[in-house]
Amino acid sequence: FTKPESFVMNTTETDTLLQLQHNQHDYELGYGGIARVLPLDDVSTNDTSQMTAVTPEKRQRRLLLAMVLILPYIGLVISLLAANNFDQEEVIERFYFLPFHMYEFWGSVYFALVEGYILLVADDSFLTMDHASQSTLVHMLSINVVSATVAASLFTLHPAIFEVPAHYIEYSSQLTVTLVDAYFMMLPRNGSKQLRERRKLGDRIPAWVQQGYFGLLLLADVAKFILYAQLIPTAIGNERSSHYVEFTVELLNSLWAFMYIKDLYMQSLWWHQNNNNKGGVQ
């Protein structure tokens, strides 16, 4: 049996178009993930839906959603910082002890979930990591979400009994947040140096600045344990002092996450618009 000539030509043209679109997506997104995740040999020429698994438009929507999700948490942490300015015994304990701590604990759960969405879904860099790095990142994020949920749940069950252990569990969870951010930002990515420099906020910041920044955050995370355990007495009270450190670190972490996602979103728009102006393949 000999295939008709027209069938051979159509199949060849379709395969060529698939490869061009793979290459175009790699160019727009600045990494080699799509062509590797969906190899041409495994894509059916009769089903092009697999080929558009991550379109530039879908990626932009994911990044925009991530920015929207992180903003309420930034506002919440700023509010907690403001509320912490009042005396612990005379004001906080008497008037808003329960809502103050509910916001604190369940806010940490919310941020852990948002961070997981950002690193695993919104940012396609996860696809360009090797298997060991992907596995490590997923495990760290899972520990973060579970520990934050345990702390919030215990405090909700009985604040008087579980307040102290819940704080220690929460501070351990927030330590993993900083470790996850540092681990993610310092991992090598695939793709050309030019593309990484254009689309990665972390790749444009010197390594020593990143290391110093996350080093300070890690020291602050340790300081929370020391202050809350009353190993170093403070004039305004140890719990209130630990809350100042906690909310400051969480504000910096959330602002870093927002700036990182905003940078990816703007670069994605730039690449897409620039490609449209050049009349590239969609």
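Remember, it's a predicted structure, so these values are computed and weren't measured experimentally. (Residues numbered from 1 in each chain as written. Predicted model: local features only at pLDDT ≥ 70, side-chain atom pairs only at ≥ 80, totals over all residues. Heavy atoms only, no water.)

Undergrad: Account for the overall build of the protein, naming residues and giving values.
TA: Regarding its fold elements, the protein presents eleven helices and zero strands. For the protein, the succession of helices and strands along the chain, N to C, is α-α-α-α-α-α-α-α-α-α-α. Counting every position in the protein, which comprises 282 residues, the buried fraction comes to 45%. Long-range contacts, defined here as pairs at least 24 residues apart, represent 77% of the contacts in the protein between residues at least 6 apart. (Helix = DSSP H or I, 4+ residues; strand = E, 2+ residues; numbered from the N terminus. Buried < 20%, exposed > 50% of the residue type's maximum accessible area, 1.4 Å probe, protein only. Contact = heavy atoms within 4.5 Å.)

Undergrad: Just give me the short version of the packing of helix H3 (residues 56-83) against helix H5 (residues 97-122), but keep the residues and values in it.
TA: The geometry of a pair of packed helices is captured by two quantities: the angle between their axes and the separation between those axes. The geometry of H3 relative to H5 is characterised by a closest axis approach of 10 Å and an angle of 155 degrees between their N-to-C directions. One way to sum up the angle between H3 and H5 is to call them roughly antiparallel. Crossing geometry of H3 relative to H5 is assigned as left-handed. Where H3 approaches H5, its residues Arg62, Leu63, Leu65, Ala66, Leu69, Ile70, Pro72, Tyr73, Leu76, Leu80 and Ala83 are matched on the opposing element by Phe100, Tyr103, Glu104, Gly107, Ser108, Tyr110, Phe111, Val114, Tyr117, Ile118, Val121 and Ala122. For the contact of H3 with H5, the residue count by class is 19 nonpolar, two polar and two charged. (Axes fitted to C-alpha atoms, helices over the stretch in contact; angles between N-to-C directions. Parallel < 35°, antiparallel > 145°, perpendicular 65-115°, else oblique. Left-handed = near helix turned anticlockwise from the far one by under 90°. Nonpolar A, V, L, I, M, F, W, Y, C, P; charged D, E, K, R; others polar.)

Undergrad: Explain empty space enclosed by the protein to me, using residue names and the numbers behind them.
TA: Applying the stated criterion to the full structure yields five cavities of 30 Å³ or more. Residue lining of the second largest cavity: 13 residues in total, with Tyr73, Val77, Leu80, Glu104 and Phe247 positioned closest to the centre. Elements represented by at least two residues in the lining of the second largest cavity include exactly H3, H5, helix H8 (159-185) and helix H11 (238-277). A per-class count over the lining of the second largest cavity returns six nonpolar, three polar and four charged. (1 Å grid on protein atoms, 1.4 Å probe; cavity = no way out; pocket = protein on both sides within 12 Å on 5 of 7 lines; lining within 4 Å. Points joined across faces, edges and corners; volume = space filled by probe spheres on them.)

Undergrad: If you had to explain the packing of aromatic side chains to someone new, which residues and values would you point to?
TA: What characterises a pair of aromatic rings is the spacing of the ring centres plus the angle enclosed by the ring planes. With the rule as written, the count across this model stands at twelve aromatic pairs. Plain terms: the ring middles of tyrosine 73 and phenylalanine 111 are 4.8 Å apart, the flat faces sit at 20 degrees to each other, and that makes the pair stacked. Of the two residues, tyrosine 73 sits in helix H3 while phenylalanine 111 sits in helix H5, which places them 38 residues apart along the sequence. For tyrosine 73, a relative accessible area of 4% corresponds to the buried category. Overall, the relative accessible area of 2% leaves phenylalanine 111 in the buried class. (Phe/Tyr/Trp six-rings, centres within 6.5 Å; stacked < 30°, edge-to-face > 60°.)

Undergrad: Account for the environment of tyrosine 213, with residues named and values stated.
TA: The residue tyrosine 213 is located in helix H10 (residues 207-228) in this model. In sequence terms tyrosine 213 and alanine 182 are 31 residues apart; their C-alpha atoms lie 9.2 Å from each other. Here tyrosine 213 is in contact with Leu252, Asn253 and Trp256, once residues within four sequence places are set aside.

Undergrad: Account for unusual backbone geometry, naming residues and giving values.
TA: Note on backbone geometry: most residues besides glycine have negative phi, and most peptide bonds are trans. At glutamine 230, a residue that is not glycine, the phi angle is positive and equals roughly 60 degrees. Assignment of secondary structure puts glutamine 230 in the loop between H10 and H11.

Undergrad: Run through the packing of H5 against helix H7 (residues 131-157), naming residues and quoting values.
TA: Running from N to C, H5 and H7 cross one another at 165 degrees; their axes reach a closest spacing of 9 Å. When the axes of H5 and H7 are compared, the pair comes out roughly antiparallel. Between H5 and H7 lies a crossing of left-handed hand. Residues belonging to the contact of H5 with H7 are distributed by class as follows: 18 nonpolar, seven polar and one charged.

Undergrad: Just give me the short version of the nonpolar core, but keep the residues and values in it.
TA: Membership of the largest hydrophobic core comes to 35 residues, with the highest contact counts inside it found for Ile70, Ile118, Leu119, Leu137 and Ile261. Sort the elements by how many residues they give to this core and H3 lands first, with eleven residues. Filtering out sequence-adjacent residues up to four positions away, isoleucine 261 remains in contact with Leu63, Ala66, Met67 and Ile118. (Core = buried A, V, L, I, M, F, W, Y, C linked by side-chain atoms within 4.5 Å.)

Undergrad: An account of the pattern of salt bridges is needed here, citing residue identities and associated values.
TA: Should the charged atoms of two oppositely charged side chains come close, the side chains can pair. Scanning the entire structure with this criterion turns up one salt bridge. The residue lysine 224 makes a salt bridge to aspartate 221 at a minimum N-O spacing of 3.1 Å. Placement of the pair is lysine 224 and aspartate 221 together in helix H10, with a separation of three residues, close to one helical turn. Overall, lysine 224 belongs to the buried group, its relative accessible area being 0%. (Salt bridge = Lys/Arg side-chain N within 4 Å of Asp/Glu carboxyl O.)

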